[in-house]
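This is what each chain is made of:
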Number of protein chains: 2
Amino acid sequence: MKGIVLDLDSKNKISYQEVPSKSLEGDQIRIQIKAAALNHRDEWCRQGKYPNLTNGVILGSDGAGAITEVGADVKGFQIGQEVIINPAMNWGDNQEAQSKDFLIMGTPHDGTLCEEVLVSADRVHAKPNHLNFEEAAALPLAGLTAYRALIYQAKTKPSDKVLISGFGGGVAQFAAQFALGLGAEVYVTTSSPAKLEKAVSMGAKGGFDYRDSQWVDKSNAEVGGFDVIIDGASGDGLNDLIKVTKPGGRIVIYGATQGNPATLEARRIFWNQIKIMGSTMGSDQDFEEMLTFVQKYQIKPIVDSVSPFSEAVEAFDKMRDGKQMGKIVLVP
Amino acid sequence: MKGIVLDLDSKNKISYQEVPSKSLEGDQIRIQIKAAALNHRDEWCRQGKYPNLTNGVILGSDGAGAITEVGADVKGFQIGQEVIINPAMNWGDNQEAQSKDFLIMGTPHDGTLCEEVLVSADRVHAKPNHLNFEEAAALPLAGLTAYRALIYQAKTKPSDKVLISGFGGGVAQFAAQFALGLGAEVYVTTSSPAKLEKAVSMGAKGGFDYRDSQWVDKSNAEVGGFDVIIDGASGDGLNDLIKVTKPGGRIVIYGATQGNPATLEARRIFWNQIKIMGSTMGSDQDFEEMLTFVQKYQIKPIVDSVSPFSEAVEAFDKMRDGKQMGKIVLVP
């Protein structure tokens, strides 16, 4: 069988190549991958930005497929069943934070960008019926992160005004879809008119260009403050987000693509009783609740494109360059 | 009658002088003050650090006394009843944050440093039986702030490890007492060996000198991270606090005496799923719950000293210089 592996000594840093098939352990399930999706995590592996990267590891955290073999100790699954994979491993039993053993599929453990994967049965869930394999593959990592940030951490309600910053990213898009599903009033920030148009077409009420030096004032005049903000950028923009947060509101940060902010408006935080809440991925409970939520609100992931595994380099490059609108899906 | 009023044109900026008696409105109660207590807010008024300061305003947010007159529309109070005053006015009906009309007694409205005060009946509560007037007067502003930070915001549990930063201040002392009352494991930071000794004598398990460049490492080695941190300083120390917070832990900031931090460890916040929660004063609900809590756990405020209103200047100077250990109480 073939998979997309890390190959840091090569020109493209990844390689689509033959990989060995492994034998199944008792608690595992063998899944024939029908579709897998890319995350920035995969590109960061390609760029060597994680510790303990090993050439030959199969990349990919997101995948959906059909069961081809079930371990001797596994109950409740059948050959042929259509499933999606929870890529978050070893969260532990504390719903507030992951354990020190927490891992994400795709490095250092083999991931989903392969014709076939072996995973523990407790990572395997029935594919939501309303999603095809490509849509299902787009869901796990970004959907889980968005769900935990928006629902578990921020406890977003239908009556909330919600701002999703950096609407380009996968987590941001799911957060917007989930908030819209709830019935919240959703706005986005983006520097791209096309992405703003996409957000509005999905049901968002409006958006702001975070490069506009007046956007904070415009937002406060138009919206009057947000109850919930979901942000993956951090950086100096965090203080702008604090300025558009309602008293008592909460900002959930799930990333820091813009690095650390050069200051923090502490006085505004305590006087306005604002919460800044860190969030990452999600627990097994979050994943199960996310699947229930997606089915209840019939949410369909936005798929940018579907291409064959053999075109992985082009797909990774597209993500690196931020040219996608939705998840980039690869199929064997 | 006499009161301590703002007198910014004088040498001491405050003056103990004759003030006019006012007539009672229908929803008000007249209270003969038996004891009042100082807060940094009073000193900041003296230093001209608030907007809209007016010479002649009676300072003071904390007070306890006996009812001498009850307005025509007031029910449930009697002449002679011993009471304490909730100095937080117009919080509004949102438990998450105060309204725009929120005010604190002592500026711009007349405060408690007076032989007699008139307040709306809804600010008046029975004095806890286990407290004398001096102890009761020490409670309201700092106790309310500590209660909301520790209980409403951080939702501190008996099993939590709690760090109270800057153990010198009134809010910090109440937060420590409340956390100890709950049965939590309490540590403090302070630069004063005497204050550390005091904390330990109250039941704290230990403490750290935040000026020691190794305190973060020492704390992590000794304690293994805090579930809850209550901080009134902000400033660069906030990033140290983030480093001693357990994954999933929460830092409540109720002030920024050290200003804004020069950066924020955003990556650590999101990866460790830490919450930074702003908090200020408390709602009417918080005040009532705080009184119930103080009675349930028989908490007695730490009183540094009791002096007459006529020695107000010396008392304000002591607070300015940070020489107190506990609340500074003044009596008519």
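Presented here is a report on the structure given in the accompanying data block. Quick caveat: nothing in here was measured; it's all calculated off a predicted structure.

## Comments concerning the overall build of chain A
Here comes step 1: Scanning chain A from terminus to terminus reveals 10 helices and 17 strands.
Here comes step 2: Computed over its C-alpha atoms, the radius of gyration of chain A comes to 20 Å, within 12% of the 20 Å expected for a compact globule of 332 residues.
Here comes step 3: Projected onto the principal axes, the alpha-carbon positions of chain A cover approximately 60 × 45 × 40 Å.
Here comes step 4: Of all 332 residues assigned to chain A, the portion counted as buried reaches 58%.
Here comes step 5: Considering only contacts within chain A whose residues lie at least 6 apart along the sequence, 70% involve residues at least 24 apart.
Here comes step 6: Accessible area of chain A: about 13,000 Å², with a carbon and sulfur share of 47%.
Here comes step 7: Each charge class in chain A was averaged separately, 34 positive and 41 negative side chains, and the resulting centres sit 5 Å apart.

## So, the sheet that holds strand β14 (residues 245-253) of chain A
Here comes step 1: One open sheet holds the 12 strands; their spatial order is β12(A)-β11(A)-β10(A)-β13(A)-β14(A)-β15(A)-β15(B)-β14(B)-β13(B)-β10(B)-β11(B)-β12(B), and the pairing between them is mixed. Strands with a single pairing partner mark the edges of an open sheet, and in this sheet they are β12 (206-208) of chain A together with β12 (206-208) of chain B. Here the strands of the sheet are splayed against their neighbours by 20 degrees on average, with no regard to which way each runs.
Here comes step 2: Pairing analysis gives 3 bridges linking strand β11 (residues 185-189) of chain A to β12(A), with the strands arranged parallel. Among the inter-strand pairings, Tyr187(A) is bridged to a residue of β12(A), identified as Gly206(A).
Here comes step 3: Contacting β10 (161-164), β11 (185-189) and β13 (226-231) of chain B, helix α4 (residues 170-182) of chain B crosses the sheet at an angle of about 165 degrees to β10(B).

## A few points about the nonpolar core
Residue and element names in this part refer to chain A.
Here comes step 1: Among the nonpolar cores identified, the biggest contains 55 residues, and Ile164, Phe178, Val186 and Ile230 are the most heavily contacted of them.
Here comes step 2: For this core, the element with the highest residue contribution is helix α4 (residues 170-182), accounting for 9 residues.
Here comes step 3: Inspection of this core shows a minimum of three residues originating in each of domain 1 (2-139 + 301-331) and domain 2 (144-278).
Here comes step 4: Among residues more than four places away in sequence, those in contact with Ile164 are Ala172, Ala175, Ala176, Val186, Tyr187, Val188, Thr189 and Ile230.

## Section: helix α10 (residues 312-320) of chain B
All names here are of chain B.
Here comes step 1: For α10, the full list of buried residues reads Ala312, Val313, Ala315, Phe316 and Met319. Relative to the axis of α10, the buried residues are bounded by an arc of 165 degrees and lie together on one face.
Here comes step 2: Contacts from the buried residues of α10 go to β1 (2-6), β2 (14-18), α1 (40-46), β16 (303-308) and β17 (327-331).

## Here we look at the interface of chain B and chain A
Here comes step 1: Facing 37 residues of chain B, the contacting portion of chain A comprises 37 residues.
Here comes step 2: Counting the surface lost from both chain B and chain A, the interface buries some 2,800 Å², and carbon and sulfur atoms represent 55% of this.
Here comes step 3: The closest approach of N and O atoms between Lys275(B) and Glu96(A), which form a salt bridge, is 3.4 Å.
Here comes step 4: In this assembly, chain B and chain A are joined by 22 residue pairs in polar contact (both at pLDDT 80 or more).
Here comes step 5: Listing elements by their share of the side of chain B that touches chain A, those giving two or more residues are α3 (140-153), β14 (245-253), α8 (266-271) and β15 (275-278) of chain B.
Here comes step 6: For the side of chain B that touches chain A, the element with the highest residue contribution is α8(B), accounting for 5 residues.

The rules we used
- Residues numbered from 1 in each chain as written.
- Chains lettered and ligands numbered in written order.
- Predicted model: local features only at pLDDT ≥ 70, side-chain atom pairs only at ≥ 80, totals over all residues.
- Heavy atoms only, no water.
- Helix = DSSP H or I, 4+ residues; strand = E, 2+ residues; numbered from the N terminus.
- Rg over C-alpha atoms; globule rule 2.2 N^0.38 Å.
- Buried < 20%, exposed > 50% of the residue type's maximum accessible area, 1.4 Å probe, protein only.
- Contact = heavy atoms within 4.5 Å.
- Areas by Shrake-Rupley, 256 points an atom, 1.4 Å probe, with all protein chains shown as cover.
- Lys, Arg positive; Asp, Glu negative; His and termini not counted.
- Charge placed at Lys NZ, Arg CZ, Asp CG, Glu CD.
- Pairing = 2+ DSSP bridges.
- Axes fitted to C-alpha atoms, helices over the stretch in contact; angles between N-to-C directions.
- Core = buried A, V, L, I, M, F, W, Y, C linked by side-chain atoms within 4.5 Å.
- Domains from an automatic or database assignment.
- Arc of directions from axis to C-beta.
- Buried area = accessible area lost by both parts, 1.4 Å probe.
- Salt bridge = Lys/Arg side-chain N within 4 Å of Asp/Glu carboxyl O.
- Polar contact = N/O pair within 3.5 Å; in protein donor to acceptor, adjacent residues only side chain to side chain.

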